[in-house]
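Spelled out from the first residue to the last, the chains are:
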Number of protein chains: 4
Amino acid sequence: MTKQPFIHQIRVGWADCDPAQIAYTGRLPNFALEAIDAWWETHVGDDWYRLNLDRNVGTPFVHLDLDFHSPVTPRHPLLCEVQLKKLGESSISFHVIGRQNGVDCFSGNFVNVFVVADEFVKRKAPEDIRSIVGPLIVG
Amino acid sequence: MTKQPFIHQIRVGWADCDPAQIAYTGRLPNFALEAIDAWWETHVGDDWYRLNLDRNVGTPFVHLDLDFHSPVTPRHPLLCEVQLKKLGESSISFHVIGRQNGVDCFSGNFVNVFVVADEFVKRKAPEDIRSIVGPLIVG
Amino acid sequence: MTKQPFIHQIRVGWADCDPAQIAYTGRLPNFALEAIDAWWETHVGDDWYRLNLDRNVGTPFVHLDLDFHSPVTPRHPLLCEVQLKKLGESSISFHVIGRQNGVDCFSGNFVNVFVVADEFVKRKAPEDIRSIVGPLIVG
Amino acid sequence: MTKQPFIHQIRVGWADCDPAQIAYTGRLPNFALEAIDAWWETHVGDDWYRLNLDRNVGTPFVHLDLDFHSPVTPRHPLLCEVQLKKLGESSISFHVIGRQNGVDCFSGNFVNVFVVADEFVKRKAPEDIRSIVGPLIVG
């Protein structure tokens, strides 16, 4: 059985572009982050906003890296594939690939840790989240 | 002789913060990028805007990575140290450390390539730029 | 015959929110602008990016105003209704209403002028655009 | 006796610019907001972050309007003058003018109301704030 890839679509516009007529580098991590936020919403039912405010679970970033392969422009929708790569005791890692028109534009890795949101103290991943997302790991 | 570190100061404000009451992760690469842009302005005399528009030299990013050590907040100015690490034939690499109140908040690496701006085609680093920035490499 | 209202849907997320747990004020004009950009794409076939780059037609803003009625949050999609209000000889005016969950969150007015994009000089609205958008004026 | 105008300086960069090679319209309200935030910090001692988190005083916006006179670019620093125009029982109004190189680039009006931050309920302006900022009104 193959897992359905999770794809989050983003509209890239004039607002995202710099004078080089491509999406500004600083926007690209934001696109990847939005895709991860949407991954949470789709798979767990809570996006970062609800996780933090309703469940007091925060997932601050400890690492991100990105390689840029091809410019992003408003000419095509941006399709961000989010792959869950690892679920540690209190951390979670994602790989994100941004594509336009069949071309890989950027790809990167993102590591979060679980914290008690209102104390910013590390905690284990909540059991219900672990049981939902565990099977979603992409080898 | 020691080189004077290049420090770019940024005002972090309410606008930069998310409901976790810290600067949003997606803002942090932008802070580092602004510091690199300011490094160009200070050392070469041209920021990215002038490099591109006045000299037709672009420096698109091919890579960035960041580790997040401690939250960034509006309580202190953000001091971004930019270190030139490597000047290749047609690439340039930076290390950036973001500090608040004496604490390292984030650090990361950034790699650009030189392009003919209006053609987006790789080129060698311009000679005058090479001669100015070469001696600035931080070992 | 009634005109179909133009509604552009936006995903509001954690990234858009400030420590007050609502979308930051500075994000709201950006949401309205994105909706106007999408209006162009839908009705004229060219968004601002294509208008500028492919047709050399720019539409810089000369005015915007916004009233904020109710906070915007990630709890609901943001539905932005864009109404074309006026098409002058070389200007165009929009009214935008942002709604979440049936509640008006903000509304405002936006005025652009037509320019030759690469000269930033005022020009008349192109005839084909005038003939397409003229009938879309909402009284 | 004349009052010293309050001027907040902003570095405009590549990141702020769109393919028209000028600061994107959606950035301009953000520049004005940052200037108002800095006004609070300078005159009251608390920026929005501290007002909200340390004093439980919020100042959400109910209105903003902006007229755009001349493009903003990275060629010059952006000097934002903030004038306090009115202090109502539970509201406060500002006029902001953004200038570059001696030219007025934009100007606009901004109205906030005072709320109990963690309840988002309207309140009177705190007495100490009233006494500090009252004399700063620019006729």
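The preceding data block contains the structure.
Residues numbered from 1 in each chain as written. Chains lettered and ligands numbered in written order. Predicted model: local features only at pLDDT ≥ 70, side-chain atom pairs only at ≥ 80, totals over all residues. Heavy atoms only, no water.

### Here we look at the relation of the copies chain B and chain A
- Once turned by 180° and shifted 0.0 Å along the axis, chain B lies on chain A with an RMSD of 0.0 Å. Those values place the two copies in the arrangement expected of a two-fold rotation axis. Across chain B, the rotation axis passes nearest the C-alpha of Asp-65 of chain B, at a separation of 2.0 Å.
- In this assembly, 100% of the residues forming the interface of chain B have copies in chain A that are likewise at the interface, indicating an isologous arrangement. (Least-squares fit on C-alpha atoms with pLDDT ≥ 70 in both. Contact = heavy atoms within 4.5 Å.)

### Let's talk about the pairing of strand S1 (residues 6–10) of chain A
Residues and elements named next belong to chain A.
- The alternating pattern of S1 places Phe-6, His-8 and Ile-10 on a buried face and Ile-7 and Gln-9 on a face that is not buried.
- With five bridges joining them, S1 and strand S4 (residues 78–87) adopt antiparallel strand pairing. Its bridge partner lying in S4, Ile-10 is registered against Leu-78. (Buried < 20%, exposed > 50% of the residue type's maximum accessible area, 1.4 Å probe, protein only. Helix = DSSP H or I, 4+ residues; strand = E, 2+ residues; numbered from the N terminus. Pairing = 2+ DSSP bridges.)

### Overview of the relation of the copies chain C and chain D
- Mapping chain C onto chain D calls for a screw motion: a turn of 180° about the axis and a shift of 0.0 Å along it, with 0.0 Å RMSD after fitting.
- A shared interface surface links the copies, since 100% of the contact residues of chain C are contact residues in chain D too.

### Quick look at the packing of helix H1 (residues 27–44) of chain A against helix H2 (residues 48–55) of chain A
Residues and elements named next belong to chain A.
- Taken N-terminus to C-terminus, the directions of H1 and H2 make an angle of 60°; their axes are 8 Å apart at the nearest point. Between H1 and H2, the crossing angle belongs to the class labelled oblique. Two secondary-structure elements touch here, H1 through Leu-33, Ile-36, Asp-37, Trp-40 and Glu-41 and H2 through Trp-48, Arg-50 and Leu-51.
- Across the contact of H1 with H2, the residue classes tally to five nonpolar, no polar and three charged. (Axes fitted to C-alpha atoms, helices over the stretch in contact; angles between N-to-C directions. Parallel < 35°, antiparallel > 145°, perpendicular 65-115°, else oblique. Nonpolar A, V, L, I, M, F, W, Y, C, P; charged D, E, K, R; others polar.)

### Some details on the packing of aromatic side chains
- Counting across every chain of the model gives 24 aromatic pairs over all chains.
- Taking the centre distance of 6.4 Å and the plane angle of 80° together, the rings of Phe-61 of chain C and Phe-110 of chain C count as edge-to-face. With a gap of 49 residues between them, Phe-61 of chain C in strand S3 (residues 61–68) and Phe-110 of chain C in strand S6 (residues 103–113) connect regions that are remote in the sequence.
- Between Trp-40 of chain D and Phe-114 of chain D, the ring centres sit 6.2 Å apart and the planes meet at 80°, which makes this aromatic pair edge-to-face. (Phe/Tyr/Trp six-rings, centres within 6.5 Å; stacked < 30°, edge-to-face > 60°.)

### Here's the deal with the interface of chain C and chain D
- Between chain C and chain D, the contact holds 21 residues from the first and 21 residues from the second.
- In total, chain C and chain D occlude about 1,800 Å² of area from one another, counting both sides; carbon and sulfur atoms represent 65% of this.
- On the chain C side of the interface with chain D, the three residues burying the most area are Tyr-24, Leu-64 and Phe-68 of chain C, jointly 25% of the side's total.
- Inspection of the region where chain C meets chain D yields ten residue pairs in polar contact (both at pLDDT 80 or more).
- Those elements giving two or more residues to the side of chain C that touches chain D turn out to be helix H1 (27–43), helix H2 (48–55) and S3 of chain C.
- With eight residues, S3 of chain C is the largest single contributor of residues to the side of chain C that touches chain D.
- Each residue belonging to the side of chain C that touches chain D can be placed in one class, and the counts come to 15 nonpolar, four polar and two charged.
- Pairing between S3 of chain C and strand S3 (residues 61–68) of chain D: five bridges, direction antiparallel. (Buried area = accessible area lost by both parts, 1.4 Å probe. Polar contact = N/O pair within 3.5 Å; in protein donor to acceptor, adjacent residues only side chain to side chain.)

### Notes on helix H1 (residues 27–43) of chain D
Residue and element names in this part refer to chain D.
- Here H1 spans 25 Å end to end across 17 residues, near enough to the 24 Å set by a 1.5 Å rise per residue.
- H1 sits mainly inside the fold: twelve of its 17 residues count as buried.
- Within the sequence span of H1, burial applies to Leu-28, Pro-29, Asn-30, Phe-31, Ala-32, Leu-33, Ala-35, Ile-36, Asp-37, Ala-38, Trp-39 and Trp-40.
- A positive phi of about 95° marks Gly-45, the residue just after H1. (Expected span 1.5 Å × (residues − 1).)

### A few points about the side chain of His-8 of chain A
- Take His-8 of chain A: it is sitting in strand S1.
- Assessed through its relative accessible area of 11%, His-8 of chain A is described here as buried.
- Within the structure, the side chain of His-8 of chain A is placed 2.8 Å from the side chain of Glu-34 of chain A, a separation counted as a polar contact.
- Excluding residues that lie within four positions of it along the chain, His-8 of chain A makes contacts with Glu-34, Ala-35, Ala-38, Leu-78, Leu-79 and Cys-80 of chain A together with Arg-11 of chain C.

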